[in-house]
Amino acid sequence: MKKRKTGQVKKMNDNKDITILAIESSCDETAAAVVRNGREVLSNVISSQIDIHTLFGGVVPEIASRKHIEKVNQVIEQALKDADTTLDDIDAVAVTYGPGLVGALLVGVAEAKAIAFAKNKPLVGVHHIEGHVCANFIEHKDLEPPFLCLIVSGGHTHLVVMEDYGKFRILGRTRDDAAGEAFDKVARAIGLGYPGGPKIDRCAREGNPDAIVFPHAKVEGSPYDFSFSGLKSAVLNYINQARMRGEEVNHADLAASFQKTVVDILTDHAIRAAKEFGYDRIVLAGGVASNTALRAGLAAACEKEGLKFCYPSPIYCTDNAAMIGAAGYYEYKNGVRSGWDLNAVPNLKLGER
Ligand code: KG4
Ligand code: ZN
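Counting starts from 1 at the beginning of each chain's written sequence and moves along it residue by residue. Lettering for chains starts from A, numbering for ligands starts from 1, and both go in the order in which the items are written. With pLDDT at 70 or above as the cut-off, local features in this predicted model cover only qualifying residues; side-chain atom pairs require 80 or more to be listed or tallied, and sums for whole chains, interfaces and linings still use all residues. Side-chain figures throughout are based on the complete set of non-hydrogen atoms in the structure, without hydrogens or water.

1. Comments concerning unusual backbone geometry
Here comes step 1: Here Gly 98 and Pro 99 are connected by a cis peptide whose omega angle stands at -10°.
Here comes step 2: Secondary structure elements are defined from DSSP: runs of H or I of at least 4 residues count as helices, runs of E of at least 2 residues count as strands, and each element is numbered from the N terminus. Within the element layout of this structure, Pro 99 appears in the loop between β4 (92-98) and α3 (102-119).
Here comes step 3: With omega at -10°, the peptide bond leading from Tyr 194 into Pro 195 counts as cis.
Here comes step 4: Relative to the helices and strands, Pro 195 resides in the loop between α5 (179-190) and α6 (196-204).
Here comes step 5: The phi dihedral of Asn 37 falls on the positive side, at around 55°, and the residue is not glycine.
Here comes step 6: Exposed residues in this analysis have more than 50% of their type's maximum accessible area, buried residues have under 20%, and partly exposed residues fall in between, with area computed by a 1.4 Å probe over protein chains only. Classification of Asn 37 by relative accessible area gives partly exposed; the value is 24%.

2. Brief notes about the coordination of the zinc ion (ligand 2)
Here comes step 1: In this analysis a donor is any N, O or S atom within 2.8 Å of a metal ion (3.2 Å for sodium, potassium and calcium), and since water is not included, sites may seem incomplete. The zinc ion (ligand 2) binds to the protein through His 128 (NE2), His 132 (NE2) and Asp 319 (OD), with metal-donor distances spanning 2.0 to 2.1 Å.
Here comes step 2: Counting along the primary sequence, the residues that act as donors to the zinc ion (ligand 2) give the motif H-x3-H-x186-D. Of this pair, His 128 and His 132 are both found in helix α4 (residues 128-139), four residues apart, which corresponds to roughly one turn of the helix.
Here comes step 3: By relative accessible area, which is 1% here, His 132 ends up buried.

3. Considerations on the sheet that holds strand β5 (residues 123-127)
Here comes step 1: One open sheet accounts for five strands, arranged β3-β2-β1-β4-β5; its pairing is mixed. Of all the strands in the sheet, just β3 (40-48) and β5 have a single pairing partner and so form its edges. Put simply, the sheet's adjacent strands are angled 20° from each other on average, direction ignored.
Here comes step 2: Following DSSP output, two strands are said to pair if at least two bridges run between them. Bridging between strand β1 (residues 19-24) and β4 involves four bridges; their strand directions are parallel. When the bridges of β4 are listed, Ile 20 appears paired with Ala 92.
Here comes step 3: In what follows, residue pairs with any heavy atoms lying within 4.5 Å of each other are defined as contacts. Helix axes are fitted only over the stretch in contact, all axes being lines through C-alpha atoms; the angle between N-to-C directions runs from 0 to 180 degrees. Strands in contact with helix α2 (residues 61-82) are β1, β2 (29-36) and β3; relative to β2, the strand with the most contacts, it is inclined by about 25°.
Here comes step 4: Sitting on the sheet, α3 is in contact with β1, β4 and β5, with an inclination near 160° to β4.

4. Considering the nonpolar core
Here comes step 1: As used in this record, nonpolar core signifies buried Ala, Val, Leu, Ile, Met, Phe, Trp, Tyr and Cys residues forming a set joined through side-chain atoms within 4.5 Å. Formed by 51 residues in total, the largest nonpolar core has its most connected members in Leu 148, Leu 150, Leu 159, Phe 228, Phe 258 and Ile 282.
Here comes step 2: Elements that contribute at least two residues to this core include exactly β6 (147-152), β7 (157-164), α5, α6, α7 (229-244), α8 (251-277), β9 (281-285) and α9 (292-305).
Here comes step 3: Here the element with the most residues in this core is α8; it accounts for 13 residues.
Here comes step 4: Beyond its immediate stretch of four places on either side in the chain, Leu 150 contacts His 158, Leu 159, Phe 226, Leu 266, Ala 270, Val 283, Leu 284, Ala 285 and Leu 298.
Here comes step 5: Counting 38 residues, the second-largest nonpolar core is a separate cluster that includes Leu 143, Ala 285, Ala 321 and Ala 327.

5. Comments concerning the sheet that holds strand β10 (residues 308-310)
Sheets are built from strands that pair by backbone hydrogen bonding, the pairs being arranged parallel or antiparallel.
Here comes step 1: Read across the sheet, five strands follow the order β8-β7-β6-β9-β10 without closing on themselves; strand pairing throughout is mixed. In the strand order of this sheet, the two ends are held by β8 (167-173) and β10, each with one partner. When strand polarity is set aside, the average angle formed by the axes of neighbouring strands in this sheet is 25°.
Here comes step 2: Sheet analysis places β7 next to β8, joined by six bridges and oriented antiparallel. Bridged to His 158 within β8 is Arg 173.
Here comes step 3: The strands touched by α9 within the sheet are β6, β9 and β10, with β10 carrying the most contacts at an inclination of about 165°.

6. Focus on the pairing of β2
Here comes step 1: Most of β2 sits inside the fold, with seven of its eight residues counted as buried.
Here comes step 2: Across six bridges, β1 lies against β2 in antiparallel orientation. Residue pairing across strands places Thr 19 opposite Arg 36, the latter belonging to β2.
Here comes step 3: Relative to β3, β2 runs antiparallel, the two sharing eight bridges. Within the sheet, the bridge partner assigned to Ala 32 lies in β3 and is Val 45.
Here comes step 4: Between β2 and β3, which follow one another and run antiparallel, lie three residues, and Asn 37 among them has a positive phi close to 55°.

So, in structure tokens, the structure goes:
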């Protein structure tokens, strides 16, 4: 197979079905999927490492890499079997090559390169966050760019316009902690454990979201940027002050009030951007998109403003390979091919190749 430079673009015009084997290993899920034409998921296998990382209160990069090596072949074999297909029948191999943990990413990238080389198939490197956005194509068949998307994950909080397939304009991003990171840190402080997001979500259901008023940080001169570290510190201060006074903290009220603050900030930014830039729909993506209060808050705000709103099912919000297959398909259709020099890029920026 001819060697091509990463990111080289070659236009294609044919309309035949394209089946992609996708691999994702950027953090603590080893995942493989088979996706047809970017929107039809033939299989979606996820092997989660949560149990082992829970013992350490967070993801341990060395352990993550080792577990990916142990699981990656098994997960791919299962994905092919579930899709009732073989490597010979796939048209391309798509793989997350950044951002993420370098050792974890390298396992998926090396695996994808080996398969593509051995089977003489095109290789397509995919941006993890682009994958999260494209997860929405799987269940919302009418969704086409351009649209406004709020991406909230463990490592990223971005407000973007997907202008076209593979083309993004960033309106705002977090200056410090990502939304999911804030959830995880607050959960640890309350003693709920890892991963914090789903635990806060559950705990908050029993609490009063108006019990404690936390600050809404604004980033001077950047109306669509976010900052969550001040909020996290305010929660930690609240807990410390209560401890010093010998008072018991109501965890459910604290979780609900923290969560409401995050939801209000995210919702305010997204609605303002939709109005200012004239988008009629808000699309939600990333691990935190599973949050029930965020879904409900954005749904209510969108309804009030006459905007459409969509988000993926929880299985496509969490890290998965089906979303990489969706994004990989559009990159493939745009003629993007990765060379054998494809490497893991831990800090890959959205829209960068
Ligand atoms: O997108 P993701 O699976 O991984 C990254 O790309 O970072 O996001 C993981 C993040 C974690 O911080 C996790 O706590 C958060 O998503 N998360 C949630 C919920 N489910 C997962 N946060 C709030 N509420 C949830 N239900
Ligand atoms: Zn992710």
